[in-house]
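Listed below, chain by chain, are the residues.
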Amino acid sequence: MEIPRIVGAGLVVIGAGIGIGRIGGSAMDAIARQPEATGKIQTAMLIAAALIEGIGFAAIFAS
Amino acid sequence: MVFSKKPFEYLFVVLVAFFSLTSNANSTNTIEVTKKGNTVENNSEMKVLSKDEKKDEERKEFIQHHLLDSHDFHIFSYGKNAEHNVGFPLPVILWDNGLHVFSSSKFEHGEKVAEDGGNYYKISHHDGKIYKTDSNGKITENTKGKIQNEKPLDFSITKSFFMIFIVSVLMFLLFAGLGKSYKKNGSIAKGVGRFFEPIIIYIRDEIAIPNIGEAHYRKYMSFLLTIFFFIWFSNIFGLTPLGVNITGNLAITGALALMTYFITTFTAKKYYWKHIFWMPGVPVLMKFVLAPIELLGTIIKPFSLMIRLYANMLAGHVVLMSLIALMYKADSVVGSPLAFLLSFVLTLLEVLVALLQAYIFTMLAALYFGAASEEHHHEEAH
Amino acid sequence: MEELFGHISLGLFILQTILFIALIFLLKKFAWKPILDAVNEREQGIKDALKSAENAKKEMQNLKSDNEKLLADARAERDAMLKEAREIKEKMINDAKAEATAAGEKMIEQAKAAIESEKNAAMADLKMQVSSLSLEIAEKVLRDELSNKDSQTKLVEKMVDDAKLN
């Protein structure tokens, strides 16, 4: 009972990690393409990352 | 970063803060094992712990204790068996069929049963909360480890409340002084205001106006500014050696998130509700499906705000304290400095996280307010 | 999850809510309002100053263009006047020339007429003198010749005819 829950939480965290990594990577690409929009991209990136992070935390606490 | 101009002073401050934390952790080494009687007894089969295992248990308990709220302000212990505690007791205020006010020194750091007005109270080692007990201080737990004793409503000035009070007073003195200095100097910031004014303007120009809009942002500004500086200062206080974990407490973050939720709900315009109950631009059948999802979303949003801040700060504290404990656990010439370096770097990271979490909380709150106060129709968005 | 929410202290939650709401209102009154007002005022001041500077610049430009226009007008007027003057001068010279020519011609004409009349007068005078001389001569001759009457008349007639033929 305990093990599957922990594994599930781990999977969610992996997914969240991949998601945040992708956001960060895409943001880097976008900044490289349009350096003048750095501030806006960073803001959007942080919000998106924060939302995914919330899911990760929810998974950890739910386990 | 503003700090970059004075990196050495800043690093020095962090270093000082850091050393005190290590001294904090040091005290665990000598705390008597009997203190954690409860947790060990619950494991039914009384293991005979080796010396190392005992130490591990102590460290674990110390970290857990640090993460929880407490009824006395304990800074550090010293002496052979940690019999000397530096700190001060805080008043306990309970509502249990009448008001009970007494000093937390009655508990003697959770060792004893406190008596007030014919009722007996004891602090559980398990979660640091006050429970009503008999005169022997017996705390019964069910099989899942949930405490069955009655829990009085606890309005005590706990460590966390003491710290949020200090943060509030500090903020009031700082910003009220700043507000006054503007009048005196003819609309020009002076001294510390030079540091805080750009942040205030940043919150207005980069957080409030783009997310809420020029027309409505004014009425939310007070909340956004207050919550930003409150979370930031609280986070920073959490990094100091005082050993407080203000924003890593669900009651605090929950209160902040709930306020965000209420402000969003009560300032919401017609368009916001229309969007929830009768989503424009989708087929009628979908509208019935979307309405409960959207309604649930309004609750999930502040909920995630609460969990995010709590979990980030809690995780930061756990990792930092674990690394500091690792320093003592490693107990070697190579391992300890490595753990020190690692925790030092992480402390720096936590300083960034402290600011980042305050920013994200404010940003998302502004985003929700913006959705609530939106009036005109964005056809292209849906 | 259950354990997590079991940790929430309701008392702390209520206290935090009250404290935070109080903090918001206190800070709103004593800090955010004056600070934001001051910042807004300052920004408005800067905006106004910029605007007035822009206006002044525009006005300067207007003045400059006015000046230029005036200058151009003056220059054009001067040119026109010069041109007119030149024309007048030319005309005067031409007129004078024409007048002088006319006057000269007239004088020449008059002179010619005078010469003619002088000549005529002189001729008449000459004729008279010639006739009187011839008369005298004739008298003298006649006195000699007019011994007989016939020859006298013949001669006179012949002489008169000759004189007319002249």
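Model, not experiment: these values are computed from the prediction.

1. Things to note about the sheet that holds strand E6 (residues 119-123) of chain B
All names here are of chain B.
- On the basis of which strands lie adjacent, the open sheet formed by 3 strands has the order E5-E6-E7 and antiparallel pairing. Two strands lie at the open edges of the sheet, namely strand E5 (114-116) and strand E7 (130-133), each paired on one side alone. Each strand of the sheet is rotated relative to its neighbour by a mean of 35 degrees, with strand direction disregarded.
- Looking at chain direction, E5 and E6 are connected through 3 bridges and run antiparallel.

2. What about the interface of chain B and chain A?
- In this assembly, 13 residues from chain B lie in contact with 10 residues from chain A.
- Together chain B and chain A conceal approximately 990 Å² of surface at their shared face, both sides included; 79% is due to carbon and sulfur atoms.
- Where chain B meets chain A, there are 0 salt bridges.
- Counting every contact that joins chain B to chain A gives 2 residue pairs in polar contact (both at pLDDT 80 or more).
- Elements supplying a minimum of two residues to the side of chain B that touches chain A: helix H9 (284-330) and helix H10 (335-373) of chain B.
- The dominant element in the side of chain B that touches chain A, judged by the number of residues it contributes, is H10(B), at 8 residues.

3. Details of helix H6 (residues 218-239) of chain B
- Under the 1.5 Å per step criterion, the end-to-end length of H6(B) is 33 Å for 22 residues, consistent within 8% with the ideal 32 Å.
- Burial analysis of H6(B) places 19 of its 22 residues in the buried class, which makes it a mostly covered element.

4. Considering the sheet that holds strand E4 (residues 99-103) of chain B
Residue and element names in this part refer to chain B.
- Pairing is antiparallel in the open sheet, where 3 strands are placed in the order E4-E3-E8. Two strands bound the open sheet, and with one partner strand each, they are E4 and strand E8 (153-154).
- Where strand E3 (residues 91-95) and E8 come together, 2 bridges link them in antiparallel fashion. Within E8, the position partnered with Trp95 by the bridge is Leu153.

5. Section: the packing of helix H1 (residues 2-33) of chain A against helix H2 (residues 38-62) of chain A
Residues and elements named next belong to chain A.
- At a minimum axis separation of 8 Å, H1 and H2 run at an interaxial angle of 175 degrees. Classified by the interaxial angle, the pair formed by H1 and H2 is roughly antiparallel.
- Per-class residue counts for the contact of H1 with H2 are 18 nonpolar, 5 polar and 2 charged.

6. Considerations on the domain arrangement of chain B
All names here are of chain B.
- Domain assignment breaks chain B into domain 1 (3-17 + 160-381) and domain 2 (30-157).
- In this assembly, 18 residues from domain 1 lie in contact with 13 residues from domain 2.
- Across the interface of domain 1 and domain 2, roughly 1400 Å² is buried in total on both sides, 69% from carbon and sulfur atoms.
- When the buried surface of domain 1 facing domain 2 is broken down by residue, Phe162, Met321 and Lys329 rank first, second and third, together holding 37% of it.
- Joining domain 1 to domain 2, the criterion identifies 1 salt bridge.
- Where domain 1 packs against domain 2, one counts 1 residue pair in polar contact (both at pLDDT 80 or more).
- Contributions of two or more residues to the side of domain 1 that touches domain 2 are made by helix H4 (159-184) and H9.
- In terms of residue count, H9 provides more of the side of domain 1 that touches domain 2 than any other element does, 8 residues in total.

So, how was this worked out
- Residues numbered from 1 in each chain as written.
- Chains lettered and ligands numbered in written order.
- Predicted model: local features only at pLDDT ≥ 70, side-chain atom pairs only at ≥ 80, totals over all residues.
- Heavy atoms only, no water.
- Pairing = 2+ DSSP bridges.
- Helix = DSSP H or I, 4+ residues; strand = E, 2+ residues; numbered from the N terminus.
- Axes fitted to C-alpha atoms, helices over the stretch in contact; angles between N-to-C directions.
- Contact = heavy atoms within 4.5 Å.
- Buried area = accessible area lost by both parts, 1.4 Å probe.
- Salt bridge = Lys/Arg side-chain N within 4 Å of Asp/Glu carboxyl O.
- Polar contact = N/O pair within 3.5 Å; in protein donor to acceptor, adjacent residues only side chain to side chain.
- Expected span 1.5 Å × (residues − 1).
- Buried < 20%, exposed > 50% of the residue type's maximum accessible area, 1.4 Å probe, protein only.
- Parallel < 35°, antiparallel > 145°, perpendicular 65-115°, else oblique.
- Nonpolar A, V, L, I, M, F, W, Y, C, P; charged D, E, K, R; others polar.
- Domains from an automatic or database assignment.

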